[in-house]
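Residues per chain, in single letters:
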Amino acid sequence: MDPEHPDGAPLAEFLRSARARLTPQQAGLDDPGLGRRRVSGLRREELARLAGVSVDYYTRLEQGRSRSASAEVLDALATALRLDDAERSHLHTLARPRPARRRHPRPQRVHRATWDLLDALQQTCRPAFVLGRRLDVLAHNQLAGRLITDFHTLPAAERNQARFVFLDPHARELYRDWTRVAADTAAMLRLDAGRHPDDPALSALIGDLSLHSKEFHRFWSDNKVHRRTTGTKDYHHPLVGDLTVTYQALTPADDPDQILFVYATEPGSPSETALRLLAHWNTATAETGNVTAHPPRAHH
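Residues numbered from 1 in each chain as written. Predicted model: local features only at pLDDT ≥ 70, side-chain atom pairs only at ≥ 80, totals over all residues. Heavy atoms only, no water.

With that settled, the discussion passes to helix 6 (residues 112-123). Between the first and last C-alpha of helix 6 there are 17 Å, a value that for 12 residues agrees with the 16 Å anticipated at 1.5 Å per step. Among the residues of helix 6, those classed as buried are T114, W115, L118, L121 and Q122. For helix 6, the angular spread of the buried residues around the axis is 120 degrees, confining them to a single face. One or two steps after helix 6, the chain reaches C125, where phi turns positive at roughly 60 degrees. (Helix = DSSP H or I, 4+ residues; strand = E, 2+ residues; numbered from the N terminus. Expected span 1.5 Å × (residues − 1). Buried < 20%, exposed > 50% of the residue type's maximum accessible area, 1.4 Å probe, protein only. Arc of directions from axis to C-beta.)

Turning our eyes to something else, we now look at the packing of aromatic side chains. Under the definition given, this model contains 10 aromatic pairs. With centroids separated by 6.3 Å and ring planes inclined at 70 degrees, the aromatic side chains of F164 and Y175 adopt a geometry described as edge-to-face. Linking F164 in helix 8 (residues 161-167) with Y175 in the loop between helix 9 (169-174) and helix 10 (178-195), this pair joins segments that are 11 residues apart in sequence. The buried category is assigned to F164, whose relative accessible area is 4%. Using a relative accessible area of 2% as the deciding quantity, one classes Y175 as buried. What links up through ring pairs into an aromatic cluster is the set F129, F151, F164, Y175, Y235, Y247, F261 and Y263. It is R218 that lies over the ring of F219; its NZ or CZ is 4.6 Å from the centre. In this structure, K233 packs its charged tip against the face of Y247, placed 5.7 Å from the ring centre. (Phe/Tyr/Trp six-rings, centres within 6.5 Å; stacked < 30°, edge-to-face > 60°. Lys NZ or Arg CZ within 6 Å of the ring centre and 35° of its normal.)

Let's shift gears to the confidence of the model for the chain. Low pLDDT marks regions whose predicted coordinates should not be analysed in detail. Mean pLDDT over the chain stands at 86; residues scoring 70 or higher make up 86%. Across residues 1-6 the pLDDT falls below 50, and counting only partners more than four positions away or on other chains, this stretch makes nine contacts in the model. Predicted confidence is poor over residues 282-300, with pLDDT under 50, and the contacts of this stretch with residues over four places away or in other chains come to 30 contacts. (pLDDT = per-residue confidence, 0-100. Contact = heavy atoms within 4.5 Å.)

All right, on to the sheet that holds strand 1 (residues 128-131) then. On the basis of which strands lie adjacent, the open sheet formed by five strands has the order 2-1-5-4-3 and antiparallel pairing. Each edge of the open sheet is held by one strand with a lone partner, namely strand 2 (137-140) and strand 3 (230-237). Strand-to-strand, the axes of this sheet are offset by a mean angle of 25 degrees, without reference to chain direction. Relative to strand 2, strand 1 runs antiparallel, the two being bridged by three bridges. Note that in strand 2 the partner of V130 across the bridge is A139. (Pairing = 2+ DSSP bridges. Axes fitted to C-alpha atoms, helices over the stretch in contact; angles between N-to-C directions.)

As a further point, take the packing of helix 2 (residues 44-51) against helix 3 (residues 55-62). Where helix 2 meets helix 3, the axes come as close as 9 Å, and the angle between the chain directions of the two elements is 115 degrees. Between helix 2 and helix 3, the interaxial angle falls into the category roughly perpendicular. Remark: the crossing between helix 2 and helix 3 carries right-handed chirality. Of the residues in helix 3, those in contact with R44, E45, L47 and A48 of helix 2 are V55, Y58, T59 and E62. Its residues assigned to classes, the contact of helix 2 with helix 3 comprises four nonpolar, one polar and three charged. (Parallel < 35°, antiparallel > 145°, perpendicular 65-115°, else oblique. Left-handed = near helix turned anticlockwise from the far one by under 90°. Nonpolar A, V, L, I, M, F, W, Y, C, P; charged D, E, K, R; others polar.)

Here the focus is the nonpolar core. A general trend in soluble globular proteins is that nonpolar side chains are found buried together. Counting 42 residues, the largest nonpolar core has I148, F166, Y175, L189 and Y235 as its most contacted members. The leading source of residues in this core is helix 10, at seven residues. Not counting the four nearest positions on each side in its chain, F166 is found in contact with R172, W178, A182, T185, A186, L209, S213, E215, F216 and F219. In terms of nonpolar packing, the next biggest core, distinct from the first, is built from 28 residues, F14, A18, L61 and V73 among them. (Core = buried A, V, L, I, M, F, W, Y, C linked by side-chain atoms within 4.5 Å.)

Time to look at the side chain of N160. Checked against the element boundaries, N160 lands in the loop between helix 7 (142-147) and helix 8. Of the polar contacts made by the side chain of N160, one reaches the side chain of D136; its length is 2.9 Å. Polar side-chain contacts of N160 include one of 2.9 Å to the backbone nitrogen of A162. Residues in contact with N160, not counting those within four places in the same chain, are R134, L135, D136, V137, F151 and L205. (Polar contact = N/O pair within 3.5 Å; in protein donor to acceptor, adjacent residues only side chain to side chain.)

With that out of the way, let us pick up the side chain of R228. Here R228 lies in the loop between helix 12 (214-221) and strand 3. The side chain of R228 is buried and forms no salt bridge, while D184, the nearest opposite charge, is found at 4.8 Å. Ignoring any residue separated from it by four or fewer positions in sequence, one finds R228 in contact with V181, D184, T185, M188, K233, Y247, A249 and F261. (Lys, Arg positive; Asp, Glu negative; His and termini not counted. Salt bridge = Lys/Arg side-chain N within 4 Å of Asp/Glu carboxyl O.)

What follows is about the pattern of salt bridges. When charged atoms on two side chains of opposite charge get close, those side chains can pair. Within the structure shown, the criterion is met by 13 salt bridges. Across the salt bridge formed by D177 and R180, the nearest N and O atoms sit 3.4 Å from each other. Across the pair R195 and D257 runs a salt bridge, and its minimum N-O distance is 2.8 Å. Remark: D257 occurs in the loop between strand 4 (241-250) and strand 5 (259-264) and R195 occurs in helix 10; sequence separation between them is 62 residues. Here R195 falls in the partly exposed class, since its relative accessible area comes to 44%. Taken together, the shared-partner salt bridges in this structure form one network comprising R19, R44 and E62.

Rendered as structure tokens:
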């Protein structure tokens, strides 16, 4: 980060890291001197040429001395860097002027309709949960709590997906591919940081995770961003063993900073059987009074 140009630093850091990850071969360049390169990524002049901008202009962007890039230039850079949709959006976000600083962001609330949807998904044996800013866990149904962890029983400050993934030993045993989950989690948090650069709670979370998790510090330094839409996730659950779920990420209309994740399993698969066993175990235990009740409706 350039201390003399703090406003342009996030954009500069993202451009540098994206350029370093792209090889000349990936960019479609023929380079007879490739074997003599000190780094594997593109040179500044190569990227500037691919994007159709001057080397001096691109250098000022990458050094944090300019944040005045037009949408056309940003699109040209994104295309040259082979960015995906999430990375392209992040690039545009970083280049926009920052809004006036708001010291106390408005607390997020889960709408009653979303709570009702979580309950309905519970009845169809589908784990579901809602993430907010900073990957805070705002709500989940009972099956999601039993599959991952019951965030409702944790102190409010610890109800966070990133804290769970990086700081809770249970997460390393639960996710069969913990490294991929951890990298994606850091990249999701990086995307959120681009949208809310002046959120003090987010800065505190990043600092805390960097201090207590070497893996988070490494993934955060990669400067990658990720937006979850659909995909699969593999679990090794202590009660029902291995299972694979597919997920879909949806955004409630009343808050673009919330994401509703809905899990499903392949009909007739061992994963479906495992999830139904988990749901049955949950129901049976609840009848004995040993399971935390539905959280108070004060969250609505």
